[in-house]
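Results of the structural survey
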Amino acid sequence: MDLPMFGGWSFFTGLQQHEFSHSFINPITDKNHNLAYSYEELFIPIKGKMRSMAYTNWSTCLNEHIIRALTSRFAYHEDNLDGIRALEMEKETGFIYVEALFNKLEEYENNRDKYSTIEDFYPELLKSLDEFMDKN
């Protein structure tokens, strides 16, 4: 009998973190719809790449960027080099905003007294995308 394979322990852990993060991030994006969609023009330069991976709208694309930034941070805290490798892989895959989000998450980590939840930090997190808005 064939058993399903999920890769090694590291891959499976990352997959669990990724999928579980959707439980938190997706509703926060939905709740902050107007703020999230104020960055919608950032979807234009990556629309083809994202759609080829089944991320067909800005909300889904934004959630994926945030979650991939989060999982890269999780990996970074386990092993700095693994976290940087994960981040680089996400960028190579086409998630061009992930590094800005990854870097901004450090502010959240260092200010948990001010931001007790990721939802509290969400508006600040999205401000990391401002630099790309200026380029468009």
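That block above? That's the structure.
From a predicted model like this one, the values you see are computed outputs, not experimental measurements.

The rules behind the values
- Residues numbered from 1 in each chain as written.
- Predicted model: local features only at pLDDT ≥ 70, side-chain atom pairs only at ≥ 80, totals over all residues.
- Heavy atoms only, no water.
- Helix = DSSP H or I, 4+ residues; strand = E, 2+ residues; numbered from the N terminus.
- Buried < 20%, exposed > 50% of the residue type's maximum accessible area, 1.4 Å probe, protein only.
- Areas by Shrake-Rupley, 256 points an atom, 1.4 Å probe, with all protein chains shown as cover.

On to the overall build of the protein chain, then. Across its full length, the protein chain holds 8 helices and 0 strands. Seen in sequence order, the protein chain has helices and strands lined up from the N terminus as α-α-α-α-α-α-α-α. When each of the 136 residues of the protein chain is scored for burial, the buried share is 38%. Roughly 8100 Å² of accessible area belongs to the protein chain as shown, and the carbon and sulfur atoms make up 53% of that amount.

All right, on to the environment of asparagine 103 then. The topology assignment puts asparagine 103 in helix H6 (residues 98-110). The class of asparagine 103 is partly exposed, set by a relative accessible area of 43%. In sequence terms asparagine 103 and serine 128 are 25 residues apart; their C-alpha atoms lie 8.5 Å from each other.

With that out of the way, let us pick up unusual backbone geometry. The backbone phi angle of alanine 54 is positive, close to 75 degrees, even though this residue is not glycine. Along the chain, alanine 54 turns up in the loop between helix H3 (47-52) and helix H4 (58-78).

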